[in-house]
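Survey of secondary and tertiary structure
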Amino acid sequence: MTCSKRAAEPPVFSIGTIPVRGDLVLAPMDGFTDWPFRVICRELGSAMVYTEFVNVDEIAHSRRAESAARLKLKYSEMERPVAFQIYGHVDERLVEIARVLQDLGPDIIDLNLGCAIRKIAERGAGAGMLKDPARLGRLFAALSVALRIPVTAKIRLGWDDRSRNYLEVAKALEDNGCALIAVHARTKEQALSGPVDWSAIAEIKARARIPILGNGNVRTPGDMDAIKRETHCDGVMIGRAAIGHPWIFSRREKESIPLAESIAMARRHLGMMIELYGPEYGCLIFRKHAVRYVHHLTSVGKLRSRLVLCSNVAEYESLFAEAMEISKQS
Ligand SMILES: Cc1cc2nc3c(=O)[nH]c(=O)nc-3n(C[C@H](O)[C@H](O)[C@H](O)COP(=O)(O)O)c2cc1C
């Protein structure tokens with residue numbers, strides 16, 4: 001369904017006063033969910049979008065519009081509702097920069113409370129903030145007063161298995177003005193692998209009066225139905241399964257996308273990357289998407305290893321043509 005058709009539909013849930021007209025949401029992913037990828041996913045059915053996380057200290061120092069941190073915050077009107085995701089370890093700084101960033105026009109400011117990267121979490125930002133729910137309560141109270149737009153959070157279940165304090169964290173957030181919580185159903189220690197515990201999302205949802213997004217290992221339309229059934233979450237947040245397969249937001253199975261359709265999307269995606277980053281860097285960082293768009297050709301390892309070396313449009317085009325030839329023959 002297109003965004004314009006969806007605009008006429010009743011909201012599935014609201015973030016403060018902001019209606020969200022769908023139950024599938026692209027997860028924030030650093031290095032992936034930039035303007036090109038978000039536009040594509042939003043068109044195909046993601047009901048709202050989050051930017052990649054931005055470090056509040058970095059953004060404070062990058063005044064130039066073309067700086068890496070500022071490019072992360074570029075968005076189109078059609079993407080709305082747009083959440084800017086921020087992280088940092090000094091509460092006053094987070095509040096100060098959130099206030100500055102709201103003037104760039106996002107619908108929501110989201111605080112990252114889930115990043116497991118050591119240099120971030122161990123400095124007390126990202127998942128490091130989960131250790132002190134009372135402090136989080138004070139921070140959200142301050143953010144709610146300082147901002148005229150809703151403030152939301154993306155959390156994990158806790159620091160590790162011995163400190164799964166998600167109920168305490170969710171309560172502190174909600175009691176202090178947080179308007180939505182996205183829950184990645186793993187601990188910080190688990191990073192991005194190991195079993196997800198959707199039952200924890202169900203526990204949070206059962207107690208919450210604000211919308212809850214369930215996240216972690218949703219890879220197929222069947223998984224979307226399962227997480228909703230098991231947790232009663234208001235929406236489903238999808239990360240890795242969308243890379244190379246943005247059609248997941250239209251509830252299409254990965255295997256059902258013909259290679260020609262995938263390659264047509266890859267071309268468009270590459271064009272937008274070049275528009276945002278320029279030809280050199282755009283081609284370079286498109287590699288990680290390119291290999292995922294041709295997942296059909298798993299047997300053709302050589303083609304994939306050549307795709308990760310492409311550095312200009314002509315090289316991509318020649319490999320896309322080769323991929324089409326191979327698929328015709330097989
Ligand atoms: C490459 C990558 C980058 C990520 N960057 C972010 C980020 O910037 N902010 C965030 O909250 N989570 C980030 N995440 C976590 C995802 O949002 C999501 O919680 C996680 O991948 C689990 O969902 P999935 O199983 O659907 O991928 C990242 C994950 C990956 C794989």
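For the structure itself, consult the block above.
Now for a look at the structure at hand.

In terms of nonpolar packing, the biggest core is built from 66 residues, with Ile-86, Leu-113, Ile-155, Leu-173, Ile-181 and Ile-238 touching the most fellow members. Beyond its immediate sequence surroundings of up to four residues, Leu-113 is in contact with Gly-126, Ala-127, Met-129, Leu-130, Leu-136, Phe-140, Ala-153, Lys-154, Ile-155, Arg-156 and Leu-173. Leu-71, Leu-276, Leu-307 and Tyr-316 belong to the second largest nonpolar core, which has 30 residues in total.

Among the structural elements, Ser-46 can be located in the loop between helix 2 (35-44) and strand 4 (49-55). Exposure remark for Ser-46: the relative accessible area of 0% places this residue in the buried category. A distance of 2.9 Å separates a polar side-chain atom of Ser-46 from the backbone nitrogen of Leu-26.

For the rest of this paragraph, the subject is the pattern of salt bridges. Applying the stated criterion to the full structure yields 23 salt bridges. For Lys-228, the salt bridge is made with Asp-23, and the minimal N-O distance between the two is 2.6 Å. Here Asp-23 lies in the loop between strand 2 (18-20) and strand 3 (24-26) and Lys-228 lies in helix 10 (residues 221-231), a separation of 205 residues in the sequence. Of the residues examined, Lys-228 reaches a relative accessible area of 25% and is grouped as partly exposed. Across the salt bridge formed by Arg-80 and Glu-77, the nearest N and O atoms sit 2.8 Å from each other. Take Arg-80: its relative accessible area is 24%, and that puts it in the partly exposed class. Each of the salt bridges in this network shares a partner with another, and the network as a whole consists of Asp-23, Asp-225, Lys-228 and Arg-251.

The full set close to the ligand counts 17 residues, and Pro-28, Asp-30, Asn-215, Asn-217 and Arg-240 are the nearest of them. One of the backbone N or O atoms of Gly-239 is found 2.8 Å from an oxygen atom in the ligand. Look at the ligand: alone it shows 610 Å² of surface, and the protein chains cover 87% of it. Looking at side-chain class alone, the shell around the ligand contains 7 nonpolar, 7 polar and 3 charged residues.

The buried fraction of strand 7 (residues 151-155) is high, at 5 of 5 residues. Of the two faces of strand 7, the one holding Val-151, Ala-153 and Ile-155 and the one holding Thr-152 and Lys-154 are both buried throughout. Taken together, the 5 bridges between strand 6 (residues 108-113) and strand 7 define a ladder with parallel strand orientation. Each residue of the ladder has a partner; that of Ile-109, found in strand 7, is Val-151. Of the strand pairs in this sheet, strand 7 and strand 8 (residues 181-184) are connected by 3 bridges, and their pairing is parallel. Looking across to strand 8, one finds that Ala-153 is bridged to Ile-181. With respect to chirality, the unit in which strand 7 leads through helix 8 (residues 166-175) into the neighbouring parallel strand 8 is right-handed.

Calculation criteria
Residues numbered from 1 in each chain as written. Predicted model: local features only at pLDDT ≥ 70, side-chain atom pairs only at ≥ 80, totals over all residues. Heavy atoms only, no water. Core = buried A, V, L, I, M, F, W, Y, C linked by side-chain atoms within 4.5 Å. Buried < 20%, exposed > 50% of the residue type's maximum accessible area, 1.4 Å probe, protein only. Contact = heavy atoms within 4.5 Å. Helix = DSSP H or I, 4+ residues; strand = E, 2+ residues; numbered from the N terminus. Polar contact = N/O pair within 3.5 Å; in protein donor to acceptor, adjacent residues only side chain to side chain. Salt bridge = Lys/Arg side-chain N within 4 Å of Asp/Glu carboxyl O. Near = heavy atom within 4 Å. Areas by Shrake-Rupley, 256 points an atom, 1.4 Å probe, with all protein chains shown as cover. Nonpolar A, V, L, I, M, F, W, Y, C, P; charged D, E, K, R; others polar. Pairing = 2+ DSSP bridges. Right-handed = clockwise from strand over helix to strand, strands pointing away.

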